[in-house]
Amino acid sequence: MNVFSQTLLWLGDASNWEGTGGISVRLVQHMQYSLATLAITCVIAIPLACYIGHFGRALFVIPVINALRALPTLGMLSALALIFGLGISAPMIVMVMFAIPPVLAATYSGIANVSQTTTHAMRAIGFSEWQILWNVELPTAFPAILGGIRSAFTQIIATWTVAAFLPVGGLGRFLIDGLAIRDYSQMLGASFLVIGLSIAVDVLMLIVQNTIERHSRYSQLTTQS
Amino acid sequence: MSSFGRKLIGGVLAGVVMMGTVGCGSSNPLDSSSSQESDASTITIGSANFAESEILANMYVQALASHGIHAALKPDIGARDVYIAALKDGSIDLVPEYTGNLLQYFDKDSTAHSASDVYSELKKALPSKFAVLDQAKAEDSDSLNVTKSYSEQHHVTSIGDLSKINGLKIAAAPEFATRPYGITGLKQQYGVDATLIPINDGGGATTIKALLNGTVQMANINTTSPSIKTNNLVTLKDPLQMILPQRVIPLISKSAESDKVTSVLNEVQSKLTTQDLMTMNGESINDKESASAIAKHWLQTYKLV
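Residues numbered from 1 in each chain as written. Chains lettered and ligands numbered in written order. Predicted model: local features only at pLDDT ≥ 70, side-chain atom pairs only at ≥ 80, totals over all residues. Heavy atoms only, no water.

If you check an unreviewed UniProt entry, chain B appears there as Glycine/betaine ABC transporter from Bifidobacterium aquikefiri.

The name given to chain A in an unreviewed UniProt entry is Glycine/betaine ABC transporter permease, and the organism recorded there is Bifidobacterium aquikefiri. Here chain A is described in UniProt, under the heading Sequence similarities (unreviewed entry), as follows: "Belongs to the binding-protein-dependent transport system permease family." (UniProt positions renumbered as here; feature names shortened; annotations may be inferred.)

Structural data, given as structure tokens:
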């Protein structure tokens, strides 16, 4: 029997889905980690990008943060685990670090692309900076921001598997533990789950993105700019 | 069709194609398509992807070369699966190994415990094309360690002493969960209940840190790791021989075996001690010396070159 059919057996075996180390639990954990990472990423990246994009200040931050992506994930994990210990904080910081660049870049370019004529005109008729950002720049940038979030989310889901190098849960456990005991069907099975999860999430977000785009009252504005 | 619809279908199709490609791929990830036979007069020595294995491989190469046997080095091949496959297809002729793990690899049901039993069982379990030379006194086995203060505070010097302790956490590689010397063995042989905190750094810095700051009470560290001494750790005694002996042993392909090769390498084997391995690992980890320089130094110390 080859590894592929063994993988199907592994995925099909109900007992593999049950219990504290079962697929169901790991799948839920993986989504929880990923959603938490995405939330923290957005809270940091979007306000930062709004500031940079709106005022055109501190532009150097974008390439600097982009360059952080080049750091090796595993190396960062080990280094931060030495500082923060074995809890969830070390992998969480690493995952957020690698998810910030796409959201930051997308939000920044979305906001910076709003025509200067528009913002100047708004300023002239008495809009505050905050109102310009909230009423025009953010809505205009919204599709771009969603695109950035989408790309970050897929990356987060895929990269969390690496964190199982440390004692954390999620689908990465099957990969790292499977490798340790040469259980390749378990590893391949878990890879399929991760691939399936990212595709499902990506398609879902694409639908959300397009629905919002179609119904947005700003869609005309976006296409013209 | 809207552009969204096209994108959606495109995405799904790409996904299906991707899964299909993976599915139709090679049925065995270990199949090695490269089967370059090495030159018959040269003996090619491989090593696993960690420093100690590379040092041992360098020792064998240099010892053979000093006796006029042409030896080549192929270091850093990878994990056991990969270099055993390389040995099978003839791209290497010899690789440094460890008795217990090698026995478990070829016969996972073996119940041998003592070093001599493991050695004789291993000889029986080997595939017909493979042979092993003499086992060294030197041993790189798993060992369970606690900090000195923990040992004194809880009067723990032997694994059995842990049976009275609740909520014990142990840092070890993920395979510790199922191995006979792991969580199951602790329970069955010593009546010790422990929770595994899986860390994949081979008993490295993260493991030591977790042990020292009390996140875990016990850690699985190789006996030849210099960090046991550096951090004053107490290695727990294993009176029931739960942990398999892991003597250093050269695994050789029979086609490359000759009386001369055997006698040269067995002389190396007869001199090597666990203390030597610990010192050499220290030179590699702390002093960042190259494997070949460390090997040369050792051979000179024992006047083998």
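J.: For the overall build of chain A, give the residues involved together with the corresponding values.
T.: Helix and strand counts for chain A come out as 10 helices and 0 strands. Start at the N end of chain A and walk to the C end: the helices and strands fall as α-α-α-α-α-α-α-α-α-α. The principal-axis extents of the C-alpha atoms in chain A amount to approximately 70 × 40 × 25 Å. Taking all 225 residues of chain A together, the buried fraction comes to 46%. Of the contacts made within chain A by residues no fewer than 6 positions apart, 73% connect residues no fewer than 24 positions apart. Counting every atom, chain A has about 10500 Å² of accessible surface; 68% of that belongs to carbon and sulfur. (Helix = DSSP H or I, 4+ residues; strand = E, 2+ residues; numbered from the N terminus. Buried < 20%, exposed > 50% of the residue type's maximum accessible area, 1.4 Å probe, protein only. Contact = heavy atoms within 4.5 Å. Areas by Shrake-Rupley, 256 points an atom, 1.4 Å probe, with all protein chains shown as cover.)

J.: So what's going on with the UniProt feature "domain: ABC-type glycine betaine transport system substrate-binding" (unreviewed entry) in chain B? Residues and values would help.
T.: Under the present numbering, the feature "domain: ABC-type glycine betaine transport system substrate-binding" (unreviewed entry) in UniProt falls on residues 42-300 of chain B. What you have in residues 42-300 of chain B is 41% helix and 19% strand, and the ends, taken at the C-alpha atoms, are 23 Å apart.

J.: I'd like a description of the UniProt feature "domain: ABC transmembrane type-1" (unreviewed entry) in chain A, backed by residues and values.
T.: UniProt feature "domain: ABC transmembrane type-1" (unreviewed entry): in the numbering of this structure it lies at residues 27-205 of chain A. Secondary structure over residues 27-205 of chain A splits into 80% helix and 0% strand, and the C-alpha atoms at its two ends are 19 Å apart.

J.: Summarise the state of the cysteines; cite the residues concerned and give the values.
T.: Residues and elements named next belong to chain A. Taken as a whole, this structure holds 0 disulfides over all chains when the rule is applied. Not engaged in a disulfide, the cysteine C42 finds its nearest cysteine sulfur in C50; these two sulfurs lie 11 Å apart. Under the relative-accessibility criterion, C42 is labelled buried at 16%. Take C50: its relative accessible area is 8%, and that puts it in the buried class. (Disulfide = S-S within 2.5 Å.)

J.: Could you give an account of the domain arrangement of chain B, with specific residues and numbers?
T.: Residues and elements named next belong to chain B. Here the domain parsing of chain B yields domain 1 (43-139 + 246-301) and domain 2 (142-235). A C-alpha centroid distance of 27 Å is found between domain 1 and domain 2. Buried area between domain 1 and domain 2, summed over both chains or domains, comes out near 740 Å², and the portion from carbon and sulfur atoms is 53%. A per-residue breakdown of the area domain 1 buries against domain 2 is headed by Q104, E139 and M278, which together make up 46% of the total. Between the two partners, domain 1 and domain 2, sit 0 salt bridges. Summed over the shared surface of domain 1 and domain 2, the result is 3 residue pairs in polar contact (both at pLDDT 80 or more). (Domains from an automatic or database assignment. Buried area = accessible area lost by both parts, 1.4 Å probe. Salt bridge = Lys/Arg side-chain N within 4 Å of Asp/Glu carboxyl O. Polar contact = N/O pair within 3.5 Å; in protein donor to acceptor, adjacent residues only side chain to side chain.)

J.: Account for unusual backbone geometry, with residues named and values stated.
T.: Positive phi, normally seen in glycine, also occurs at A:R182, with a value near 55 degrees. When you line up the elements, A:R182 lands in the loop between α8 (172-180) and α9 (184-215). With relative accessibility at 37%, the residue A:R182 sits in the partly exposed group. The phi torsion at B:N232 lies on the positive side, around 55 degrees, for a residue other than glycine. Tracing the backbone shows B:N232 in the loop between α9 (227-230) and β9 (234-235).

J.: I'd like to hear about the UniProt feature "transmembrane region" (unreviewed entry) in chain A, residue by residue, with values.
T.: Residue and element names in this part refer to chain A. According to UniProt, the positions carrying the feature "transmembrane region" (unreviewed entry) are residues 33-53, 74-100, 156-176 and 188-208. A distance of 17 Å separates the end C-alpha atoms of residues 74-100, which is 85% helix and 0% strand. Across residues 188-208 one finds 100% helix and 0% strand; the C-alpha atoms that close the span lie 30 Å apart.

J.: Describe the sheet that holds strand β6 (residues 168-172) of chain B, listing the residues and the values that go with them.
T.: Residue and element names in this part refer to chain B. Spatially, the 5 strands line up as an open sheet ordered β7-β6-β8-β5-β9, and their pairing is mixed. Each having just a single partner strand, β7 (194-198) and β9 make up the two edges of the open sheet. As defined by bridge partners, strand β5 (residues 142-146) adjoins β9 across 2 bridges and the pair is classed as antiparallel. Along β9, the bridge assignment pairs N145 with T235. (Pairing = 2+ DSSP bridges.)

J.: Give a detailed account of the pattern of salt bridges, specifying residues and quantitative values.
T.: Residues and elements named next belong to chain A. Summed over all chains, the structure comprises 9 salt bridges over all chains. Where E129 meets R123, a salt bridge forms, and the shortest distance between an N and an O atom there is 2.7 Å. Taking the relative accessible area as the measure of exposure, E129 reaches 29% and is therefore partly exposed. With relative accessibility at 34%, the residue R123 sits in the partly exposed group.

J.: How would you sum up the side chain of A:T7? Please name residues and give values.
T.: By the element assignment, A:T7 lies in helix α1 (residues 3-12). The residues touching A:T7, leaving out its near neighbours within four places in the chain, are A:S185, A:L188, A:G189 and A:F192.

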